[in-house]
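Coordinates in review
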Amino acid sequence: GYDEDEYSFGAEVNYPNDFLNFRLGYQQIGENYLAGLGFVPRPGIRESYANLFFGPRPNKWGIMKINTGGIINYITDMANTLQTRDIFLKIVEFEFLSGEIAEYSLNNTYEYLYEDFYIFPRDSIWIDAGTYSFWRQGIELSTAPRRMFWVSTDISWGDFFDGKRMDIELKSGLKIGIPDFIGLEFEHNKVDLTRGSFTVNVYRIKGDIYFSPDITLTNFVQYDNLSESWGWQSRFQWILKPGIEIHFVWNSLVLPATSRDQFILSENSALLKVNYNFRF
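Residues numbered from 1 in each chain as written. Predicted model: local features only at pLDDT ≥ 70, side-chain atom pairs only at ≥ 80, totals over all residues. Heavy atoms only, no water.

**Examining the pattern of salt bridges**
What the rule picks out here adds up to 15 salt bridges. The residue Lys 171 makes a salt bridge to Glu 169 at a minimum N-O spacing of 3.4 Å. Relative accessible area serves as the criterion here: at 30%, Lys 171 is assigned to the partly exposed category. Counted as one network, the salt bridges with shared partners bring together Glu 185, Glu 187, Arg 204 and Lys 206. (Salt bridge = Lys/Arg side-chain N within 4 Å of Asp/Glu carboxyl O. Buried < 20%, exposed > 50% of the residue type's maximum accessible area, 1.4 Å probe, protein only.)

**Let's talk about the nonpolar core**
With 13 residues, the main nonpolar core has Ile 127, Tyr 132, Phe 160, Phe 161, Leu 193 and Phe 198 as its most contacted residues. Taken together, the elements giving at least two residues each to this core come down to strand S8 (125-127), strand S9 (130-142), strand S12 (180-193) and strand S13 (196-212). Here the element with the most residues in this core is S13; it accounts for 3 residues. Beyond its immediate stretch of four places on either side in the chain, Phe 161 contacts Glu 111, Leu 113, Ile 127, Tyr 132 and Phe 134. (Core = buried A, V, L, I, M, F, W, Y, C linked by side-chain atoms within 4.5 Å. Helix = DSSP H or I, 4+ residues; strand = E, 2+ residues; numbered from the N terminus. Contact = heavy atoms within 4.5 Å.)

**Overview of the pairing of strand S5 (residues 82-96)**
Of the strand pairs in this sheet, strand S4 (residues 63-77) and S5 are connected by 12 bridges, and their pairing is antiparallel. Along S5, the bridge assignment pairs Ile 66 with Phe 94. In textbook terms, the turn of a hairpin is the stretch between consecutive antiparallel strands, and for S4 and S5 this stretch comprises 4 residues, one of which, Asn 80, has a positive phi near 65 degrees. As paired strands, S5 and strand S6 (residues 101-113) are joined by 11 bridges and run antiparallel to one another. In the strand pairing of S6, Ile 87 is matched with Asn 108. As consecutive antiparallel partners, S5 and S6 are separated by 4 residues, and within that stretch Gly 99 has a phi angle of approximately 105 degrees, a positive value. (Pairing = 2+ DSSP bridges.)

Given below as structure tokens:
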């Protein structure tokens, strides 16, 4: 017979247009549902979601487009008890003819925690079980990525469960000649909760070489103060012709040794992937 805990289904209506863009959908994922392909991040839920955005183009004062609108996700368990509600409001976003972007947004989050959540286990910092509703706001400023040197700043702040949180993300990129690109990224997350405070910093370095539109080599190095580990990924892509591609990916992970002044190579992995499309 039919057992709703073992099935998943949903429906969606999408209207992706320039001036008016909306998306409306619903999905249900049973508690015991097994995906035949991929994975399910959150089983045993009913989720309703909607997006609505307006994008007029005034073509005045150097403004190409003004975007405004919002997104709402509403998630309950199978008994229709609210678990998560996330409301994102893009108050205004200006896209300039020069390629620069400026945005101000608000975000409201509701979360129901069944049990205590250890958000920073290393220092035994946790959030008590219960219901939480809080507001956050954010500002994003970005110069045009087409420039020889570009920068982007994303800052958000406000309440966070039973405390406060501030996130700062800085990105920059430099084009060295035609084929070479260097990028720097920094993320700073400062969280102050009832049970304690902590700060997480993430540093990233990107180094890409574009030999041609069909041959690229991208490199990515990351370090964070939480795990105190370094990660490196190198990806080579060669498009022989449309539909035929070769990918080679190399990953490395370096962890701190017993002595904090030393590091050890913990993991290396390589992946070779070939895509070939048959047309007949």
